[in-house]
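Each chain, written out:
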Amino acid sequence: MATTTKRTKAAVKDSRYSDLKQMLDDRRRELMNEVQGRIRDVRAEGAKDREVLDQGESSEVDIQEDIEFALIQMKSETLNKINEALRRLDEGTYGNCFECGEEIAHPRLRALPFAVRCKECEETRENAEQRERALARKSGSAGLFFDMSN
Ligand SMILES: [Zn+2]
């Protein structure tokens, strides 16, 4: 596909901004629906079950509810991260690599919306970590490193 329109850098930035905003907004909406749906379910189930269950069965319901609440908690935390990302997007700091400052590729952000490094920097970092771990194993001082990290 040949394109004749030469877009300015500002226009490219704008479209990146609106693409990312769209992506984050979609995720936020999905998560909010899920969280709200689950909360409704838990409430409905809880109210219904309490009426008919004896002591033993109701403790199973409690466990089930604990799991549900843990899930809701987890999703709420993701929701907070998305809100934070949207705030950073408005500030113009979202989607830039923490290490080199370059823009993180769009497909990467789509797969990992909370990525803070570009692919190259992440790989460099992972390689460095692997080397460190290998070195630590070799010199037999893994325990020492472990203590120091506390
Ligand atoms: Zn980078």
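Okay, so let's go over this structure. Please read these numbers as outputs of a predicted model, since none were measured by experiment.

### Let's talk about the side chain of Arg108
Phase 1: Its place among the elements puts Arg108 in helix H3 (residues 106–111).
Phase 2: Polar side-chain contacts of Arg108 include one of 2.9 Å to the backbone oxygen of Arg117.
Phase 3: Those residues in contact with Arg108 that sit more than four places away from it in its chain are Ala115, Arg117, Cys118, Lys119 and Glu122.

### Considering the coordination of the zinc ion
Phase 1: Binding of the zinc ion to the protein goes through Cys97 (SG), Cys100 (SG), Cys118 (SG) and Cys121 (SG), at separations of 2.3 to 2.4 Å.
Phase 2: Metal-centred angles of 103 to 117° between the four donor atoms at the zinc ion mark the site as tetrahedral.
Phase 3: Mapping the donors of the zinc ion onto the primary sequence yields the spacing C-x2-C-x17-C-x2-C. Placement of Cys97 in the loop between helix H2 (55–91) and H3 and of Cys118 in the loop between H3 and helix H4 (119–139) is noted, with a sequence separation of 21 residues between them. Of the two residues, Cys97 and Cys118, both sit in the buried class.

### As for the pattern of salt bridges
Phase 1: Counting across every chain of the model gives twelve salt bridges.
Phase 2: For Arg29, the salt bridge identified is with Asp26, shortest N-O distance 3.5 Å. Residue Arg29 and its partner Asp26 are located together in helix H1 (residues 9–52), separated by three residues, close to a single helical turn.
Phase 3: When salt bridges with common partners are traced through the structure, they connect Glu99, Arg108, Arg117 and Glu122 into a single cluster.

So, how was this worked out
- Residues numbered from 1 in each chain as written.
- Predicted model: local features only at pLDDT ≥ 70, side-chain atom pairs only at ≥ 80, totals over all residues.
- Heavy atoms only, no water.
- Helix = DSSP H or I, 4+ residues; strand = E, 2+ residues; numbered from the N terminus.
- Polar contact = N/O pair within 3.5 Å; in protein donor to acceptor, adjacent residues only side chain to side chain.
- Contact = heavy atoms within 4.5 Å.
- Donors = N, O, S within 2.8 Å, 3.2 Å for Na, K, Ca; no water.
- Tetrahedral: all angles 85-135°; square planar, octahedral: opposite > 155°, others 65-115°.
- Buried < 20%, exposed > 50% of the residue type's maximum accessible area, 1.4 Å probe, protein only.
- Salt bridge = Lys/Arg side-chain N within 4 Å of Asp/Glu carboxyl O.

So, to be careful, I would describe these as geometric facts and stop short of saying anything about function.
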